[in-house]
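Residue-level structural notes
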Amino acid sequence: PKKAIVSLSYKRGASYGTYIAVRDELTAAYRMLRYRESRRLYDRSFVEMKEAYQNEHTPPMEKARLKQQLQEVRKLFPQQIIESQVSNISNAQI
C-alpha cells in the first residue's frame, strides 16, 4: 500500500453531497487499514495511540515512542488521494 494511490474522478455537475460521501468512505477505509495495522503491530488502535500522543499528561518518553509508531503506520498506509474533474465520463463509470 505504500505505493497505492486512489484516484477520485467526478463530473462537473456531481452533487457536493455525493462527493463528500465518497470522500468520507475513502477516509474511513484508510482509517480502518491503519487501525488494523496498529493493532497488529502495537496491540493498540491508531486512534488510541494518537489520543495518548496528544494527551498533555503523557510522559515525554512515551510521546516519543508513540510518535515513532504513528509515523510507521502512516508510512505503511499513506493517504494518497488524487482528485480530478472529468468533463466526459459516462454514468457507467460513476
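To keep things clear, this report deals only with the structure shown in the data block. Predicted model, so just to flag it, every value in this text is computed and none were measured. (Residues numbered from 1 in each chain as written. Predicted model: local features only at pLDDT ≥ 70, side-chain atom pairs only at ≥ 80, totals over all residues. Heavy atoms only, no water.)

**Comments concerning the environment of F77**
Note on placement: F77 falls in the loop between α3 (60-76) and β2 (81-86). Using a relative accessible area of 10% as the deciding quantity, one classes F77 as buried. Sequence spacing of F77 and K3 is 74 residues, and the spatial spacing of their C-alpha atoms is 8.9 Å. (Helix = DSSP H or I, 4+ residues; strand = E, 2+ residues; numbered from the N terminus. Buried < 20%, exposed > 50% of the residue type's maximum accessible area, 1.4 Å probe, protein only.)

**Description of the packing of aromatic side chains**
Under the criterion given, the structure shown has two aromatic pairs. Put simply, the rings of Y10, Y16 and Y19 touch in pairs and so form one group of aromatic residues. The ring of Y53 has K63 sitting right over it, with the charged end atom 5.7 Å from the ring centre. (Phe/Tyr/Trp six-rings, centres within 6.5 Å; stacked < 30°, edge-to-face > 60°. Lys NZ or Arg CZ within 6 Å of the ring centre and 35° of its normal.)

**Looking at helix α1 (residues 16-42)**
Spanning 27 residues, α1 covers 38 Å between terminal C-alpha atoms, matching the ideal 39 Å at 1.5 Å per step. Within α1 the residues assigned to the buried category are L26, Y30, R34, E37 and S38. Against the buried residues of α1 lie β1 (6-11), α2 (46-54), α3 and β2. Two residues or fewer after α1 comes D43, characterised by a positive phi angle close to 60°. (Expected span 1.5 Å × (residues − 1). Contact = heavy atoms within 4.5 Å.)

**A word on the pattern of salt bridges**
Enumeration over the complete set of coordinates arrives at five salt bridges. The salt bridge partner of R40 is E37, with a shortest N-O separation of 2.5 Å. Residue R40 and its partner E37 are located together in helix α1, separated by three residues, close to a single helical turn. Judged by its relative accessible area of 59%, R40 is exposed. Overall, E37 belongs to the buried group, its relative accessible area being 12%. The residue R65 makes a salt bridge to E62 at a minimum N-O spacing of 2.5 Å. (Salt bridge = Lys/Arg side-chain N within 4 Å of Asp/Glu carboxyl O.)

**Quick notes on the packing of α1 against α3**
Think of two packed helices as two axes; the pair is described by the angle between the axes and how far apart they sit. Where α1 contacts α3, the axes come no closer than 10 Å and their chain directions differ by 130°. Considering their axes alone, α1 and α3 lie oblique with respect to each other. The interaxial crossing formed by α1 with α3 has right-handed handedness. Listed contacts from α3 to R34, E37, S38, L41 and Y42 of α1 are Q69, E72, V73, R74 and L76. (Axes fitted to C-alpha atoms, helices over the stretch in contact; angles between N-to-C directions. Parallel < 35°, antiparallel > 145°, perpendicular 65-115°, else oblique. Left-handed = near helix turned anticlockwise from the far one by under 90°.)

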